[in-house]
Amino acid sequence: MTYGDIFLQVLLEAVPERKDEFLKRFEIVKNLPDAGQFNEEVPKEEAEELLNALRQNKEGLIAWIMRGDTGKSSLDS
C-alpha cells in the first residue's frame, strides 16, 4: 500500500459519492513526475496507523481538499 492508496481510501470513505471523480484525479496525480511520496510504499504497521489517524480527521482532510478546490482545474478534462 502506498501513501497515495491510504489517502485515497480515507477520502473515498469520507466522500463516497465523489468516488469516480477522485479516482480519475488520483490516477492523473500519481503519474506526475513530482508525485513525491504518493507512490512510496508504506510498511504495513505504519499504513494501519496512518489510516486510523486520517480516519479520525476526515473533516480536516475534506476541508484541506476543498480549500484547494477553487474551481475547475487542469485535471477537469
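Basis of the calculations
Residues numbered from 1 in each chain as written. Predicted model: local features only at pLDDT ≥ 70, side-chain atom pairs only at ≥ 80, totals over all residues. Heavy atoms only, no water. Helix = DSSP H or I, 4+ residues; strand = E, 2+ residues; numbered from the N terminus. Buried < 20%, exposed > 50% of the residue type's maximum accessible area, 1.4 Å probe, protein only. Contact = heavy atoms within 4.5 Å. Areas by Shrake-Rupley, 256 points an atom, 1.4 Å probe, with all protein chains shown as cover. Axes fitted to C-alpha atoms, helices over the stretch in contact; angles between N-to-C directions. Left-handed = near helix turned anticlockwise from the far one by under 90°. Nonpolar A, V, L, I, M, F, W, Y, C, P; charged D, E, K, R; others polar. Patch = residues over 30% accessible without salt bridge, like charges linked within 9 Å, V, L, I, M, F, W, Y side chains within 5 Å. Salt bridge = Lys/Arg side-chain N within 4 Å of Asp/Glu carboxyl O. Lys, Arg positive; Asp, Glu negative; His and termini not counted. Charge placed at Lys NZ, Arg CZ, Asp CG, Glu CD.

### Focus: the overall build of the chain
Looking only at helices and strands, the chain has four helices and zero strands in total. Counting helices and strands in the order they occur from the N terminus, the chain gives α-α-α-α. Counting all 77 residues of the chain, 23% fall into the buried class. Pairs at least 24 residues apart make up 77% of the contacts formed inside the chain by residues separated by at least 6 positions. For the chain, the accessible surface area stands at approximately 5400 Å², while carbon and sulfur atoms represent 53% of it.

### Focus on the packing of helix α1 (residues 3–14) against helix α3 (residues 44–56)
Contact geometry of α1 with α3 gives a least axis separation of 10 Å together with a crossing angle of 30 degrees. Between α1 and α3 lies a crossing whose hand is right-handed. Between α1 and α3, the contacting residues are Y3, I6, F7, Q9, V10 and E13 on the first element and E46, A47, L50, L51, L54 and R55 on the second. Taken together, the residues that form the contact of α1 with α3 break down as eight nonpolar, one polar and three charged.

### Quick look at a negative patch on the surface
Taken together, E40, E41, E45, E46 and E49 make up a surface patch of like negative charges. What makes E46 partly exposed here is its relative accessible area of 34%.

All we've got here are geometric facts, nothing functional implied.
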